[in-house]
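Chains, contacts and geometry: an overview
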Amino acid sequence: MRSDMSRLRSPSANDASRIVLSSIIMTKRQMLALSGLLIGLLMGGCVTPALLPVAVFTFSSTSGESSLIVTFDASGSQAPDGTISKYAWDFGDGTTGGEMITAHLYQTDVEGTYTVTLQITDHLSQQASVTAEVTVQAPTIEAVDASVEFVWPFHHDASGDDAANLNDEYFTLQNKGDEIVDLSGWTVENERGVAFRIPDGVRLAPNAVIYVHSGSGLNTTGILYWNASQPVWNDDYDLAILRDAEGTIIDYYSYNSC
Ligand SMILES: [Ca+2]
Ligand SMILES: [Ca+2]
């Protein structure tokens, strides 16, 4: 009842000022609405929050034998509000790329699993990323028919601290054929690809052996020195590959004492 009565009474001076105030407030609201409309028009008629981009990629193979070429395709990625301005790949093996579709070569002597990451950036600098794994198996090594081989002893664990006793870390090669073999330029490498080149003029007679020590010394008949500054052979596992001067694999020796 009280409110009905107040509606029926005539407007007072106080009410007049309320009406003016109300019209000023309305004007402010209208201004706000107008500015919102203008901002909306400037932004293409849409003032809703920007949608985040979505990173997606496909790839040609998830596993295979080294050397493995994998093609990565990020064309399924989306930026709902605009365009993708940047594709950043991390192939998980220390290398990166920047193309939407890209191919990468994985090369390893031992089996490895690599986490591949794609990060996309849209025109508003919003980012999204996705990861996947690629497993690369060790290569199948096919040694050619040659007479030089790794033989016992392969002393990969030197007595005491290997770093302080480098010359007690050594391997042995033997010529099991019946002809002299010229080892000039042949190489022996470990699993990490660290290689020793056999000096020019080194020949191995039938049944003769040659020892290669990791440390330093004077090369003599049957004894060579790698001149490494740190241990060459892991104590628990490693892969030794013998190649001739053309790079052809002649023999290999692996051990795993884990
Ligand atoms: Ca060692
Ligand atoms: Ca040792």
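Every chain begins its residue count from 1, and numbering advances along the sequence as written. As a convention, the first chain written is A and the first ligand written is 1, with the rest following in written order. With the structure being a predicted model, the display of local features is reserved for residues of pLDDT at least 70 and the display and counting of side-chain atom pairs for 80 or more, all residues being used for whole-chain, interface and lining totals.

As for the overall build of the chain
Every helix listed is a DSSP run of H or I at least four residues long, and every strand listed is a run of E at least two residues long, numbered separately from the N terminus. Within the chain, the secondary structure is distributed over 2 helices and 18 strands. Each residue is classified by how many other C-beta atoms fall within 10 Å of its C-beta atom, where C-beta atoms are placed from the backbone; a count of 20 or more means buried, 12 or fewer means exposed, and values in between mean partly exposed. When each of the 258 residues of the chain is scored for burial, the buried share is 19%.

What about unusual backbone geometry?
With an omega dihedral of 0°, the bond running from Trp152 to Pro153 counts as a cis peptide bond. Relative to the assigned elements, Pro153 resides in strand β9 (residues 148-155). Not every positive phi belongs to a glycine, and Ser125 is a case in point at roughly 65°. Following the sequence through the fold, Ser125 ends up in the loop between β7 (112-122) and β8 (127-137). We classify Ser125 as exposed; it has 8 C-beta atoms within 10 Å. In this model, Asn207 sits at a positive phi of 70°, which is unusual for a non-glycine residue. By the secondary structure assignment, Asn207 is in the loop between β14 (203-204) and β15 (209-213). The exposed category is assigned to Asn207, around which 11 C-beta atoms lie within 10 Å.

Regarding the sheet that holds β9
Judged by pairing direction, the sheet is mixed, and its 4 strands sit side by side in the order β9-β10-β15-β16 without closing on themselves. Both outer strands of the open sheet, β9 and β16 (223-225), are each paired with one neighbouring strand and no more. For this sheet, the mean angle separating the axes of adjacent strands, direction not counted, is 25°. Pairing between strands is defined by DSSP: at least two bridges between them are needed. Bridge analysis of β9 against strand β10 (residues 170-175) gives 5 bridges, and the strand direction is antiparallel. The residue bridging Phe150 from the neighbouring strand is Leu173, located in β10. Angles run from 0 to 180 degrees between N-to-C directions of axes, and those axes are lines fitted to C-alpha atoms, restricted for helices to the stretch in contact.

Some details on the sheet that holds strand β5 (residues 96-97)
In spatial order, the strands read β2-β8-β7-β4-β5; together these 5 strands make up an open sheet with mixed pairing. In the strand order of this sheet, the two ends are held by β2 (63-65) and β5, each with one partner. Pairing of β7 with β8, which is carried by 10 bridges, proceeds in the antiparallel orientation. Bridge pairing in β8 places Thr121 opposite Gln127.

Points about the pairing of β8
Regular strands place side chains that alternate from one sheet face to the opposite one. Taken together, the 3 bridges between β2 and β8 define a ladder with parallel strand orientation. Across the sheet, Gly64 pairs through a bridge with Val136, a residue of β8. Between β7 and the antiparallel strand that follows it, β8, lie 4 residues; Ser125 among them carries a positive phi value of about 65°.

With respect to the environment of Tyr87
By the secondary structure assignment, Tyr87 is in strand β4 (residues 84-90). In the structure, Tyr87 is positioned 31 residues away from Leu118 in sequence and 7.0 Å away in space, judged by C-alpha atoms. For Tyr87, the contacting residues outside a window of four places in its chain are Ala74, Gly98, Glu99, Met100, Leu118 and Ile120. Here, residue contact means that the backbone-derived C-beta atoms of the two residues sit within 7 Å.

What about the environment of Val56?
As for its position among the elements, Val56 is in the loop between α2 (13-42) and β1 (58-59). Here Val56 falls in the partly exposed class, since 14 other C-beta atoms lie within 10 Å of it. Here the alpha-carbon distance between Val56 and Ala128, two residues 72 residues apart in the chain, equals 9.3 Å. Beyond its immediate chain neighbours, meaning those up to four positions away, Val56 contacts Gly76, Ser77 and Val130.

Considerations on the pairing of β10
Looking at chain direction, β10 and β15 are connected through 5 bridges and run antiparallel. Considered in β15, the bridge of Leu173 is made with Ile210.

Focus: the confidence of the model for the chain
When pLDDT drops low, the exact placement of atoms in the prediction is not to be read closely. The quantity called pLDDT is the predictor's confidence in a given residue, expressed from 0 to 100. Residues of the chain with pLDDT of at least 70 account for 79%, and the chain-wide mean is 82. In the model, residues 1-46 has pLDDT below 50 throughout and makes 6 contacts with residues more than four positions away in sequence or in other chains.

A word on the environment of Val70
Secondary-structure assignment places Val70 in strand β3 (residues 68-73). Overall, the presence of 20 C-beta atoms within 10 Å leaves Val70 in the buried class. Between the alpha carbons of Val70 and Ser60 there is a distance of 5.6 Å; along the sequence they are 10 residues apart. Apart from residues no more than four positions distant in its own chain, Val70 is found in contact with Phe59, Ser60, Ser61, His104, Tyr106 and Val134.

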